[in-house]
Every structure is written in C-alpha cells, then in structure tokens.
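# A closer look at the structure
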Amino acid sequence: NAGVTQTPKFRVLKTGQSMTLLCAQDMNHEYMYWYRQDPGMGLRLIHYSVGEGTTAKGEVPDGYNVSRLKKQNFLLGLESAAPSQTSVYFCAPPWGNDYEQYFGPGTRLTVT
Amino acid sequence: KNEVEQSPQNLTAQEGEFITINCSYSVGISALHWLQQHPGGGIVSLFMLSSGKKKHGRLIATINIQEKHSSLHITASHPRDSAVYICAAATGKLTFGQGTILTVHP
C-alpha cells in the first residue's frame, strides 16, 4: 500500500462521540475515495473527492462528512457516531489504466 | 441484481488443488481488478485487467470482455492463499463484488 497511510488504525467510540479519520497520500492523485467494509456487504463508497477543495457523495454518505483542504489529505468525519458505523474504513486513490488499485491499511472502528 | 457478482461465496480446498473464482459484471468497464484481503488485514491489488490474461507466480487472471466475465485461478494452492478475494469493476468508479472467502487446508 505504498503511498497511502491512514490514522488511526483502531478506535473505539461511544455512541454520540465524534472523530476524524485521516487519509494521506504522496502519489499526487487528484481523486481520493473513502470506503467502508462490512461483513456480507462488501466495500461501499462513502464519499470521494475529485481534487483539492472538492467532495462528493458516494453510495452511503449519511452520518459522515469529508474535507479535502489539501491535495494530499482526505479527512472523513463522524460528528455523532452510531453503532451502525462500526466498520472497517479504507481510503484509496483512484484506479487507473496504467496502475493498479492501492488501498490504505484500513481503520477498524467500533462504536459501542 | 448486483452489477458485479462473484462465485462461489465460500470455497474450501485442500493444499495443492487448482482453484477458480469467477466474476461476472453487467456494466461496461474499462478495467477489472482482483484484490486480496487476508483476515484482519489490508486490501492488496493482485491484478488489473482490461483484456486477455495476466500471470503472477501461481496466480492467473483472465477476462472475456464480450462475455463480461473474469476468472482468478490459483495453481497448487497453499494455506497461505487463504483470504478473501474481491473483484472490482472500474466504470468511472469502482463497483465491488461481495468477495469469495477461500480456505485452503494443509
């Protein structure tokens, strides 16, 4: 997963607490994506960004906010965590015709 | 019906067996990705295909664009191949299959 890092790797939150997940990339990609992975549901797109200062909704955006103030960083925020947001979160730059897909190492979030 | 369907969902094999995982998609794509995820681990890209066939070691991936079908083959399977294998169709965004859980017993 060269060039894509995620922090934190693990987190336990109580219902109603907030947190921010950070994805950092040094690959100069314009596009960045946040996914969540749940058993039986596969990977689903939460939000994505097509460049610095831009964000857009994916399949499952409710309960999340994102920001892309700098090209290299894509932040995913949970303002008021709910147990349904217990999941593993992956950040990824875009796929491309000339390179394979890279994913960040993932953040395992548990909301109690 | 999901745009990307994988089969089987679960697969158990004995060490040394030849394994095939299938992926069918219903949308036009520019590429098809095969990914691997070990239990509790991150997601690793195995292949990106837009036509034909690719081989890395014991892994072979093929794609038939006309039939909208791709296969991942593992020759001489080993317990360390036990993982979830995911195909993803690139359509301007990535659409993922549900994954195939592979368990290889020694």
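## Describing the environment of Leu-109 of chain A
Residue and element names in this part refer to chain A. Looking at where Leu-109 falls in the secondary structure, it is placed in strand β10 (residues 107–111). Taking the relative accessible area as the measure of exposure, Leu-109 reaches 1% and is therefore buried. Counting along the chain gives 57 residues from Leu-109 to Glu-52, while the straight-line C-alpha distance between them is 26 Å.

## Section: the side chain of His-73 of chain B
All names here are of chain B. Along the chain, His-73 turns up in strand β8 (residues 69–74). Overall, the relative accessible area of 16% leaves His-73 in the buried class. Of note is the side chain of His-73, whose polar atom sits 2.8 Å from the side chain of Thr-20. Leave out the neighbours within four places in its chain, and His-73 touches Phe-18, Ile-19, Thr-20, Arg-58, Leu-59, Ile-60 and Thr-62.

## Description of the sheet that holds β10 of chain A
Residue and element names in this part refer to chain A. Taken together, the six strands give an open sheet; going across it, the order is β2-β10-β9-β4-β5-β6, and neighbouring strands pair in mixed fashion. In this open sheet, the two edge strands, each paired with only one partner strand, are β2 (10–13) and β6 (54–57). Mean inter-strand twist for the sheet, computed between neighbouring axes without regard to direction, equals 25°. Across three bridges, the pairing between strand β9 (residues 87–92) and β10 is antiparallel. The partner of Val-88 across the bridge, within β10, is Arg-108.

## Focus: the interface of chain B and chain A
Contact residues are listed per partner, giving 20 residues for chain B and 19 residues for chain A. Summing the contributions of chain B and of chain A, the shared interface buries around 1600 Å²; its carbon and sulfur component is 58%. Considering only the surface of chain B that becomes buried against chain A, Ile-43, Met-48 and Phe-96 of chain B emerge as the three largest contributors, covering 34% of it. Put simply, chain B and chain A have zero salt bridges between them. Our enumeration of links across chain B and chain A arrives at one residue pair in polar contact (both at pLDDT 80 or more). Of all the secondary-structure elements, those providing two or more residues to the side of chain B that touches chain A are β4 (31–37), β5 (43–49), β9 (83–90) and β10 (94–96) of chain B. Tallying contributions element by element places β5 of chain B first for the side of chain B that touches chain A, with five residues. Classifying every residue of the side of chain B that touches chain A by side-chain character gives nine nonpolar, ten polar and one charged.

Thresholds, definitions, all that
- Residues numbered from 1 in each chain as written.
- Chains lettered and ligands numbered in written order.
- Predicted model: local features only at pLDDT ≥ 70, side-chain atom pairs only at ≥ 80, totals over all residues.
- Heavy atoms only, no water.
- Helix = DSSP H or I, 4+ residues; strand = E, 2+ residues; numbered from the N terminus.
- Buried < 20%, exposed > 50% of the residue type's maximum accessible area, 1.4 Å probe, protein only.
- Polar contact = N/O pair within 3.5 Å; in protein donor to acceptor, adjacent residues only side chain to side chain.
- Contact = heavy atoms within 4.5 Å.
- Pairing = 2+ DSSP bridges.
- Axes fitted to C-alpha atoms, helices over the stretch in contact; angles between N-to-C directions.
- Buried area = accessible area lost by both parts, 1.4 Å probe.
- Salt bridge = Lys/Arg side-chain N within 4 Å of Asp/Glu carboxyl O.
- Nonpolar A, V, L, I, M, F, W, Y, C, P; charged D, E, K, R; others polar.

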